[in-house]
Amino acid sequence: MELPAAESATTLTRDQLVGHAAPARKNVTSIEMRIDDLFVNGHEFAARCCLITEHRKRGHVVIDWILIGDVADDGRVRRIHQLGRTA
């Protein structure tokens, strides 16, 4: 499978992320999040996940994505890079 080249990345502040998620909370009627694979090496991690939702307007939506990131000493996520696609 060949993936298209990424043109650019979007960096969101916490406020932007919360603002982006607010409309989704209103329109999603059910949600299931599955972590299929999780790899941890010290403060670094990688995960293969699946998000399955029922959306008021879009119906059944499935999103597969890969998360790669690292955590701070206190356990909070410091950085995440993600690649997603609708299934």
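Residues numbered from 1 in each chain as written. Predicted model: local features only at pLDDT ≥ 70, side-chain atom pairs only at ≥ 80, totals over all residues. Heavy atoms only, no water.

Quick word on the overall build of the protein chain
On a plain count of helices and strands, the protein chain comes out with 1 helix and 4 strands. Burial status across the protein chain gives 17% buried among its 87 residues. If you sum the accessible surface of the protein chain, you get close to 7400 Å²; carbon and sulfur atoms cover 54% of it. (Helix = DSSP H or I, 4+ residues; strand = E, 2+ residues; numbered from the N terminus. Buried < 20%, exposed > 50% of the residue type's maximum accessible area, 1.4 Å probe, protein only. Areas by Shrake-Rupley, 256 points an atom, 1.4 Å probe, with all protein chains shown as cover.)

What to know about a nonpolar patch on the surface
A surface patch of nonpolar side chains, about 420 Å² in accessible area, is lined by Met33, Ile35, Leu38 and Val40. If you trace the backbone, Val40 turns up in strand 1 (residues 28-41). (Patch = residues over 30% accessible without salt bridge, like charges linked within 9 Å, V, L, I, M, F, W, Y side chains within 5 Å. Salt bridge = Lys/Arg side-chain N within 4 Å of Asp/Glu carboxyl O.)

Quick word on the side chain of Asp70
By the element assignment, Asp70 lies in strand 3 (residues 59-71). There is a polar contact of 2.8 Å between the side chain of Asp70 and the side chain of Arg78. With near-sequence residues (within four places) excluded, Asp70 lies in contact with His43, Glu44, Phe45, Val77, Arg78 and Arg79. (Polar contact = N/O pair within 3.5 Å; in protein donor to acceptor, adjacent residues only side chain to side chain. Contact = heavy atoms within 4.5 Å.)

What about the nonpolar core?
A general trend in soluble globular proteins is that nonpolar side chains are found buried together. By size, the foremost hydrophobic cluster in this structure holds 7 residues: Phe45, Ala47, Cys49, Leu51, Trp65, Leu67 and Val71. If sequence neighbours within four positions are ignored, Leu67 has contacts with Phe45, Ala46, Ala47, Cys49, Ile80, His81 and Gln82. (Core = buried A, V, L, I, M, F, W, Y, C linked by side-chain atoms within 4.5 Å.)

So, the sheet that holds strand 1
One open sheet accounts for 4 strands, arranged 1-2-3-4; its pairing is antiparallel. Both outer strands of the open sheet, strand 1 and strand 4 (77-86), are each paired with one neighbouring strand and no more. The average angle at which neighbouring strand axes cross in this sheet is 20°, direction not considered. Against the sheet, helix 1 (residues 14-27) engages strand 1 and strand 2 (44-55), with an angle of about 125° to strand 1. (Pairing = 2+ DSSP bridges. Axes fitted to C-alpha atoms, helices over the stretch in contact; angles between N-to-C directions.)

Comments concerning the pairing of strand 2
One ladder, built from 12 bridges, connects strand 1 with strand 2; its direction is antiparallel. Bridge pairing in strand 2 links Met33 to Leu51. Counted along the chain from strand 1 to the antiparallel partner strand 2, the turn is 2 residues long, and its residue Gly42 has a positive phi close to 65°. Once strand 2 ends, the chain turns through 3 residues before running back antiparallel as strand 3.

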